[in-house]
Amino acid sequence: MKPGLHRSRSGSQRVLGSRLSEVDAKQGRNFLTPDIARLARRAVAYREYGAVIDEQRLWENLLSSQPLTFNLFALCQVDEERRHRLFEHLFPGFFLRVEKLAFEHSPGRGDPRYLGDYTAFDLFISGIAPDGRAAFIAIEVKYSEDMRQPGRSGSARYRELTRACALHLDPEAPSLLTGHLAQLTAEHLLAALIREQWGQGAHGLFVTIAPAANREAWYAVELYRSMLDRRPDGVPFVTLALEDVIAAIGAAGDADLAARLHARYTDFSPVHRLIDEWEPFTDD
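These numbers were taken from a predicted model, which means no experiment stands behind them.

Description of the sheet that holds strand β4 (residues 121-128)
- One open sheet accounts for five strands, arranged β3-β4-β5-β6-β7; its pairing is mixed. The sheet is open, and its two edges are formed by β3 (97-105) and β7 (237-241), each paired on a single side. Going from strand to strand, the sheet's axes swing by 20° on average, the running direction of each strand aside.
- Inspection of the sheet shows strand β5 (residues 134-141) paired to strand β6 (residues 203-210) by seven bridges, in the parallel sense. What sits directly across from Ile-137, in β6, is Leu-205.

Quick look at the structure:
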């Protein structure tokens, strides 16, 4: 594969190793198998109304969390046994049956019953819990990205919801709606509203996945966790290291995909080797 080009806002271009060439991108090379590439293409073609999918990032950007989400979970969308095994490894006893996976999902973009904006989850998994009640897991995936997003402090709806949903020790805390925490707060509130719409007997989890080495993401995660009210009747906030998700894929029976995921996303030995092989004070 050949590296692609970074295009600046001014129109200039430069070669960038984390981008695929246009030819490789069109062939779906940002995905680990042809089947995953096909499923990603289908998800883009039949995306939910208003879904924000940056197709350039999806097809070209090797460091984007959007293709990572498909590489991790797309095959589960069409294989009932695979998804049962994987989610039982990741969330033991949570699902009796997983019925549906939806990428870039929101229950109602712009809907005033929810957040009134376009907040969505990277992946939304729905099914039935062992007690027969509805169950869902809402997932946010990060790879190289941090958690920073535009703040929501100017939204009366958000402040209304931090009070009503009672997820946080201090629902009035300004930091919940700014900087590192704005996205986590928004998605956690959305998960709580989904549970409310489904009925309080429904089971829900809000999950964040990020590589262990993504310090910016984990800083936000730990800061957010410190602000949560840990009452048992809410929507729990769960965090998973990307490395553990990849290990679960292997343990659930797909060692080949797990190896490909590790080589692509969590094996930094080539970078370490390049650093260690540098020779100072050479004539070259």
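So, next bit.
Details of a nonpolar patch on the surface
- A cluster of nonpolar side chains, contributed by Phe-268, Val-271 and Ile-275, occupies part of the molecular surface with about 270 Å² of accessible area.
- Of the residues examined, Val-271 reaches a relative accessible area of 46% and is grouped as partly exposed.

So, the packing of helix α5 (residues 80-90) against helix α9 (residues 242-251)
- Running from N to C, α5 and α9 point in directions that differ by 135°, and their axes come no closer than 9 Å. Classified by the angle their axes make, α5 and α9 are oblique. Crossing hand, α5 versus α9: right-handed. Contact residues: Leu-86, His-89 and Leu-90 in α5; Val-245, Ala-248, Ile-249 and Ala-251 in α9.

A closer look at the packing of helix α4 (residues 65-73) against helix α10 (residues 255-266)
- Contact geometry for α4 and α10: axes closest at 10 Å, N-to-C directions at 160°. Here α4 is positioned roughly antiparallel relative to α10, judged by the angle of their axes. Of the two possible hands of crossing, α4 and α10 adopt the one that is left-handed. Contacts from Pro-67, Leu-68, Asn-71 and Leu-72 of α4 reach α10 at Leu-257, Leu-261, Arg-264 and Tyr-265.
- When its residues are assigned to classes, the contact of α4 with α10 shows six nonpolar, one polar and one charged.

Brief notes about the pattern of salt bridges
- All told, the structure shown has 16 salt bridges when counted by the stated rule.
- Across the pair Arg-82 and Asp-79 runs a salt bridge, and its minimum N-O distance is 3.8 Å.
- Residue Asp-254 is joined to Arg-82 by a salt bridge in which the shortest nitrogen-to-oxygen separation is 2.5 Å. In this pair, Asp-254 is assigned in the loop between α9 and α10 and Arg-82 in helix α5, connecting sequence segments 172 residues apart.
- According to the relative accessible area criterion, Asp-254 is buried, its value standing at 16%.
- Linked by salt bridges that have partners in common, Asp-79, Arg-82 and Asp-254 make up one network.

Quick notes on the nonpolar core
- Ranked by internal contacts, the top residues of the largest apolar core, which has 52 residues, are Phe-73 and Phe-87.
- Looking at which element gives the most residues to this core, the answer is helix α2 (residues 34-45), with six residues.
- With sequence-adjacent residues up to four places away left out, Phe-87 is seen in contact with Phe-73, Cys-76, Pro-92, Phe-95, Val-98, Leu-101 and Ile-125.
- Within the second largest apolar cluster, 35 residues are counted, among which are Ala-173, Leu-176, Ala-186 and Tyr-224.

Side note on the pairing of β5
- Burial runs high along β5: seven of the eight residues are buried.
- Of the strand pairs in this sheet, β4 and β5 are connected by six bridges, and their pairing is antiparallel. The residue bridging Ile-128 from the neighbouring strand is Ala-134, located in β5.
- Here β4 hands over to β5 after five residues, with Gly-132 in that stretch at a positive phi of 90°.

Calculation notes
- Residues numbered from 1 in each chain as written.
- Predicted model: local features only at pLDDT ≥ 70, side-chain atom pairs only at ≥ 80, totals over all residues.
- Heavy atoms only, no water.
- Pairing = 2+ DSSP bridges.
- Helix = DSSP H or I, 4+ residues; strand = E, 2+ residues; numbered from the N terminus.
- Axes fitted to C-alpha atoms, helices over the stretch in contact; angles between N-to-C directions.
- Patch = residues over 30% accessible without salt bridge, like charges linked within 9 Å, V, L, I, M, F, W, Y side chains within 5 Å.
- Areas by Shrake-Rupley, 256 points an atom, 1.4 Å probe, with all protein chains shown as cover.
- Salt bridge = Lys/Arg side-chain N within 4 Å of Asp/Glu carboxyl O.
- Buried < 20%, exposed > 50% of the residue type's maximum accessible area, 1.4 Å probe, protein only.
- Parallel < 35°, antiparallel > 145°, perpendicular 65-115°, else oblique.
- Left-handed = near helix turned anticlockwise from the far one by under 90°.
- Contact = heavy atoms within 4.5 Å.
- Nonpolar A, V, L, I, M, F, W, Y, C, P; charged D, E, K, R; others polar.
- Core = buried A, V, L, I, M, F, W, Y, C linked by side-chain atoms within 4.5 Å.

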